[in-house]
Amino acid sequence: AVNLLTRQEFVTAMDPPHRLDLPYATRPPLTPFALAAIYSLTGPSWTAAQILMAVVGAIGCALTGILGWRLFGPATGLAAGVLAALDPFLVFLPSVPLTENLGLLLYVALTLLLLRLGEDGSRGHAAAAGVVLGLAALNKPTILGFVPFLALWLTLRFRRRIREGLIALAIVVAMAALVIAPWTARNFRLLGGVVLVTTQAGSALYDANGPHAEYSIRRL
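This section reports on the structure supplied with the text. (Residues numbered from 1 in each chain as written. Predicted model: local features only at pLDDT ≥ 70, side-chain atom pairs only at ≥ 80, totals over all residues. Heavy atoms only, no water.)

### Here's the deal with a nonpolar patch on the surface
Using the following cut-off: For patch building, the residue pool is restricted to those with more than 30% relative accessible area and no salt bridge; the joining distance is 9 Å between like charges and 5 Å between nonpolar side chains (Val, Leu, Ile, Met, Phe, Trp, Tyr). Per-residue and other accessible areas were derived by the Shrake-Rupley procedure at a 1.4 Å probe size, with only the shown protein chains allowed to occlude residues. The salt bridge criterion pairs a side-chain nitrogen of Lys or Arg with a carboxyl oxygen of Asp or Glu, the two atoms within 4 Å. Numbering goes from the N terminus for both helices and strands, where a helix is a DSSP run of H or I of at least four residues and a strand is a run of E of at least two. Here's how the labels work: a residue is buried when its accessible area is under 20% of the maximum for its type, exposed when over 50%, partly exposed in between, all with a 1.4 Å probe on protein chains only.
Judged by side-chain polarity, Phe89, Leu90, Phe92 and Leu104 come together as a nonpolar surface patch covering roughly 390 Å² of accessible area. Counting residues per element, the nonpolar patch draws most heavily on helix H5 (residues 88–92), at three residues. Assignment of secondary structure puts Leu104 in helix H6 (residues 99–120). With relative accessibility at 41%, the residue Leu104 sits in the partly exposed group.

### What about the pattern of salt bridges?
For the coordinates displayed, the defined rule picks out six salt bridges. With its nearest N and O atoms 2.8 Å apart, the salt bridge here joins Asp21 to Arg19. Asp21 gets classed as exposed once you look at its relative accessible area, which sits at 54%. Take Arg19: its relative accessible area is 42%, and that puts it in the partly exposed class.

### Focus on the layout of surface pockets
Note the cut-off: Cavity means a closed set of points on a 1 Å grid over the protein atoms alone, one where a 1.4 Å probe fits but cannot get out, pocket means an open set with protein on both sides within 12 Å along at least 5 of 7 lines, and lining means a residue has an atom within 4 Å of a point. Grid points are joined across faces, edges and corners, and a volume is the space filled by probe spheres set on the points. Throughout this entry, Asp, Glu, Lys and Arg are counted as charged residues, while Ala, Val, Leu, Ile, Met, Phe, Trp, Tyr, Cys and Pro are counted as nonpolar. The remaining residues, Gly among them, count as polar.
In this model, the largest pocket occupies a volume close to 1300 Å³. Considering the residues around the largest pocket, the lining is formed by 37 residues, among which Asp15, Tyr24, Arg27, Pro28 and Thr99 are closest to the centre. Mapped onto the lining of the largest pocket, the elements with two or more residues apiece are helix H1 (2–7), helix H2 (30–42), H6 and helix H10 (203–209). Its residues assigned to classes, the lining of the largest pocket comprises 20 nonpolar, eleven polar and six charged. Roughly 220 Å³ of internal volume is contained in the second largest pocket. Contributing to the lining of the second largest pocket are 17 residues, with Gly57, Ala58, Cys61, Leu90 and Leu104 lying nearest its centre. At the level of elements, helix H3 (46–72), helix H4 (74–86), H5 and H6 are the ones that each hand at least two residues to the lining of the second largest pocket. Top contributing element to the lining of the second largest pocket by residue count: H3, with seven residues.

### Thoughts on the nonpolar core
Rules: In this description, a nonpolar core means a group of buried Ala, Val, Leu, Ile, Met, Phe, Trp, Tyr and Cys residues linked to one another through side-chain atoms lying within 4.5 Å. In what follows, a contact means two residues having at least one pair of non-hydrogen atoms within 4.5 Å.
One finds Leu117 and Val172 to be the most contacted residues of the largest nonpolar core, which totals 42 residues. Within the residue set of this core, elements represented by two or more residues are H2, H3, H6, helix H7 (123–139), helix H8 (147–157) and helix H9 (162–191). By residue number, the principal contributor to this core is H6, which donates ten residues. Excluding residues that lie within four positions of it along the chain, Leu117 makes contacts with Ser122, His125, Ala126, Leu154, Phe158, Ala168 and Val172.

### Remarks on the packing of H6 against H7
Put simply, the rule is: Structural elements are reduced to axes, namely lines fitted to C-alpha atoms, with helices fitted over the stretch in contact, and the angle between N-to-C directions of any two is expressed from 0 to 180 degrees. Should an angle fall under 35 degrees it is called roughly parallel, over 145 degrees roughly antiparallel, and 65 to 115 degrees roughly perpendicular, with every other angle called oblique. For any pair of crossing helices, the crossing counts as left-handed if the nearer helix is rotated counterclockwise from the farther one by less than a right angle, and right-handed if it is rotated clockwise.
Running from N to C, H6 and H7 cross one another at 160°; their axes reach a closest spacing of 9 Å. With respect to each other, H6 and H7 are oriented roughly antiparallel. Here the hand of the crossing between H6 and H7 comes out left-handed. Facing Thr99, Leu102, Gly103, Leu106, Tyr107, Ala109, Leu110, Leu113, Leu114, Arg116, Leu117 and Asp120 of H6, the residues of H7 in contact are His125, Ala126, Ala128, Ala129, Val132, Leu133, Leu135, Ala136 and Asn139. Counted by class, the contact of H6 with H7 contains 15 nonpolar, four polar and two charged residues.

### Here's the deal with the environment of Glu164
Along the chain, the position of Glu164 falls in helix H9. Looking at Glu164, the relative accessible area reads 25%, which means it is partly exposed. With residues up to four places along the chain from it excluded, the contact list for Glu164 reads Asp120, Gly121 and Phe158.

### A short note on the packing of H8 against H9
Two numbers describe how H8 lies on H9: the axes approach to 9 Å, and their chain directions differ by 155°. Overall, the two elements H8 and H9 adopt an arrangement that is roughly antiparallel. In this structure, H8 crosses over H9, and the sense of that crossing is right-handed. Between H8 and H9, the residues in contact are Val147, Leu150, Ala151, Leu154 and Thr155 and Ile162, Gly165, Ala168, Leu169, Val172 and Val173, respectively. Each residue belonging to the contact of H8 with H9 can be placed in one class, and the counts come to nine nonpolar, two polar and no charged.

This is the structure we're talking about:
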C-alpha cells in the first residue's frame, strides 16, 4: 500500500524475491489498494488502517444481522449481529490489515445479493452480485472455486425457469470477469503470461500441509 502511494507501483520487498524493481503479483490487490486510498488522505498510518478495517468489520456485523433476519427472522438476525460484533476474534481482527477483513464483508454481501437474486431473478441483483464476486476474487481469489457451486444453485433455484437462471448466471460471471479483467490485463502486460489474480497458485495450501508445516514459526 505504501509503495502504491509513493512509487505508484504494486510491489513489496517483504515477499520473495524481496526486490522493488521486478513485476509483482504474489498478493491479491484489493486490500493494498483500499489501504493506499486511506493513506492518500492520512499518510501511511497504522491507526488509519485499523480504523478502516474496524469500519469494514462493523458493516460486516450489520450485514450479518440482516442476513440472519432474512433467513430466520428478526430475533435470529439481532443475535447474529450482536454475536458477530462481540466475538473476540472478530474484535481483534481489524487490528491487523489482513485480507480477511474485507473478505468477511464481501462474502456476507454476496450471500445477501444471491438470496435476493434467487427470489426475484433481477438482472440488477445479478449484476451487483457479479461485481461483489469480482471484488472478493481480487481480495482472495479462492472465492472463484465457489463459481461451480453458484452455477449448481442457480440451476436448482430456477429449475422451472431455466432460461432465467442461465441469464442470471451469465450476468454474474460476466460482471465478475469485468471487475477482474483490468488486473489480469496488468499482470499479462508486466509478467508476460496469464495470471488471473495472483501467482500464489496454491502456495499457502502447500505451506500449511507440506514439510514446512512441521517447523516452528521462528524457524520458518
